[in-house]
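Spelled out from the first residue to the last, the chains are:
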Amino acid sequence: MNTILIVDDIKVNLKVLEVLLTRNGYAVLSAASAGKALGLLQENPCDLIVSDIHMPEMDGFQFCRLCKLDDKLKHIPFIFYSSSHTDDQTREQARKLGAHAVVQKPADPATLLKTIDAILSEDKVRSMVHHPGNPAEFLYPCKEEADKFGRHTMVPAEQKQFYNRLLDNLPGIVWTLDAKGDYKYISPAVERLTGFSENRICEMEKNGWLNRVHPADTKKVRAAFKSLFQDHAALDIFYRFECRNGKLAWFHEISGTPYEEQISGRYHVDGLTIDISARMLDQEYRMKSREQEVVNTFSKGVSHDLTNLLAGITDYIQLSAMASTETQERQRFLTNALDISRSAQALIRDISLLSKKEKPVDKNSLFTRVVASVILSLLEGSDIKYRFEMAGKLWPCRVDSRLMTRALEHVIVNACESVVQRSDGFIEVILQNTSIENETGQNPFGSEIILGPGRYIRTTIRDNGCGIDDRILHQIFHPYFSSKARDMKKGVGLSLALSRAIIVRHGGEMTVHSNENHGTEMEIFLPAETES
């Protein structure tokens, strides 16, 4: 069975190709970037590569160049599969790089499969001729074909000049290291990116390079290189580097896995270092803009609420002080003022809950009882269908019943509002045990939350409602953020920000997964009690 590597930064494109190829008898490897594809190729044999051209960090042309420069990879046939790069200039560039075909995306499945079958059969490849209108443009992959059609082939001196120019013009530094961490080769681009010449970098050796890594990143870089040769774990790290002019540059460093050189018997590894400073600066700017947006939204929300509350207190006190006010009315006005002042105090308490400096919570009730109570009060007797499932032998988990009730109410009320317009609206709440064994602090379920090793109760609250737009999904835990119209009172305020703060105060975390018009899934992780 032939194995095909597909490379595309858009997940849906990968999935379509994966289904098409596997159903037609091919084994498939997939990568969302050229860097990850290079790592896969170091460990997995492959018979054909199908790659997009327009990709971030490293485009398809650069990826093809690196493959053709690698003795272990250069024999693998290469197909470019692109929707935006199918002109004559693209085909000519692809020919020069040694690619076998350019296929216009999306291609008819039969045509794409025919192209792949032909390329995997050497006799068919060498007899192919381009036909106008065919989305697959076959390129002449061997010298015999080039000579047959009168195309120019390079002599060794031209090849050396071509490769030197190619390596110098790549957006990153191509390098080869030995097991001692010394550079055996580094491309000329290093001087353009760091200010240091190739010879100076080689003279610096491993410690010389590491000494210019930002102190906050040194430990991470040392650990990554140690793991590279000890555990054969490919590099994929980000760090800051002090260039010759004293400025800091952000580098993204990726590599294959170490291999044994046949002549010397020593281990080497090939890699690529890309300058991502511009991207990191842009990301930092966007993060600061988001932080400022959160601060503005929060301050406006608090100001609005407190202004209204204080105005209400003032108005009722003024009414009670009027000479024409009767005793019974005066008492009612003062009672209303007192109720509003209590609401103001509750708001202050909620805001203080968002701070991690508050005292520990009073864990006075089992979490399962709190969940059951909230579900009973909000869903039982309503028109919304629901399912409550709890795993057998659930580990004990104690919480502050008052705070946790508020946290869960916000989440379930939001779910109810999401499904209320659907006749088949459905909410399910599932509780189960889960463990995190590793020391990296990341949970084993692929979400972005950070948790330490230990036993947890995982609560999933899932609905089939309207979902959340991807563009605002990252904002739902921000105080006073709401996707609803501003004149609607429900859901506007601290809401999910308060829920998450309460969960965090209990030593847990909360995350969300959602697609617009396809429902929402909230996950809550709370630490279970340790075994006695």
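Keep in mind it's a predicted model, so treat the numbers as computed, not measured.

### A word on the nonpolar core
Phe367, Met404, Leu408 and Met522 are the most contacted members of the largest nonpolar core, which totals 39 residues. Counting residues per element, the ones that place at least two in this core are helix 14 (367-378), helix 15 (401-419), strand 16 (426-436), strand 17 (454-463), helix 16 (495-505), strand 18 (509-514) and strand 19 (520-527). At nine residues, the largest contribution of residues to this core is made by helix 15. Every residue in contact with Phe367, bar those within four places of it in the chain, is listed here: Cys397, Val399, Met404, Leu408, Leu431, Ile457, Thr459 and Leu526.

### A look at helix 15
Look at helix 15: 27 Å from first C-alpha to last across 19 residues, which is about the 27 Å you get at 1.5 Å a residue. Burial in helix 15 covers these residues: Leu403, Met404, Ala407, Leu408, Val411, Ile412, Asn414, Ala415, Cys416, Ser418 and Val419. The N-cap of helix 15, judged by a side-chain oxygen 3.1 Å from the amide nitrogen of Arg402 a few residues on, is Asp400.

### Considering the packing of helix 14 against helix 15
One can describe the packing of helix 14 onto helix 15 by two numbers: an axis separation of 9 Å at closest approach and a directional angle of 45°. On the basis of their axis angle, the class for helix 14 and helix 15 is oblique. You can see that helix 14 and helix 15 cross each other, and the crossing is right-handed. Residues Phe367, Val370, Val371, Val374, Ile375 and Leu378 of helix 14 lie in contact with helix 15, whose contacting residues are Ser401, Met404, Thr405, Leu408, Glu409, Ile412 and Val413. Taken together, the residues that form the contact of helix 14 with helix 15 break down as ten nonpolar, two polar and one charged.

### Section: the packing of helix 2 (residues 34-43) against helix 3 (residues 60-69)
At their nearest, the axes of helix 2 and helix 3 sit 10 Å apart, and the two run at 20° to each other. By the angle class used here, helix 2 and helix 3 are roughly parallel. With respect to the hand of their crossing, helix 2 and helix 3 are arranged in right-handed fashion. On helix 3, the residues touching Ala34, Ala37, Leu38 and Leu41 of helix 2 are Phe63, Leu66 and Cys67. Taken together, the residues of the contact of helix 2 with helix 3 break down into seven nonpolar, no polar and no charged.

Thresholds applied
Residues numbered from 1 in each chain as written. Predicted model: local features only at pLDDT ≥ 70, side-chain atom pairs only at ≥ 80, totals over all residues. Heavy atoms only, no water. Core = buried A, V, L, I, M, F, W, Y, C linked by side-chain atoms within 4.5 Å. Buried < 20%, exposed > 50% of the residue type's maximum accessible area, 1.4 Å probe, protein only. Helix = DSSP H or I, 4+ residues; strand = E, 2+ residues; numbered from the N terminus. Contact = heavy atoms within 4.5 Å. Expected span 1.5 Å × (residues − 1). Polar contact = N/O pair within 3.5 Å; in protein donor to acceptor, adjacent residues only side chain to side chain. Axes fitted to C-alpha atoms, helices over the stretch in contact; angles between N-to-C directions. Parallel < 35°, antiparallel > 145°, perpendicular 65-115°, else oblique. Left-handed = near helix turned anticlockwise from the far one by under 90°. Nonpolar A, V, L, I, M, F, W, Y, C, P; charged D, E, K, R; others polar.

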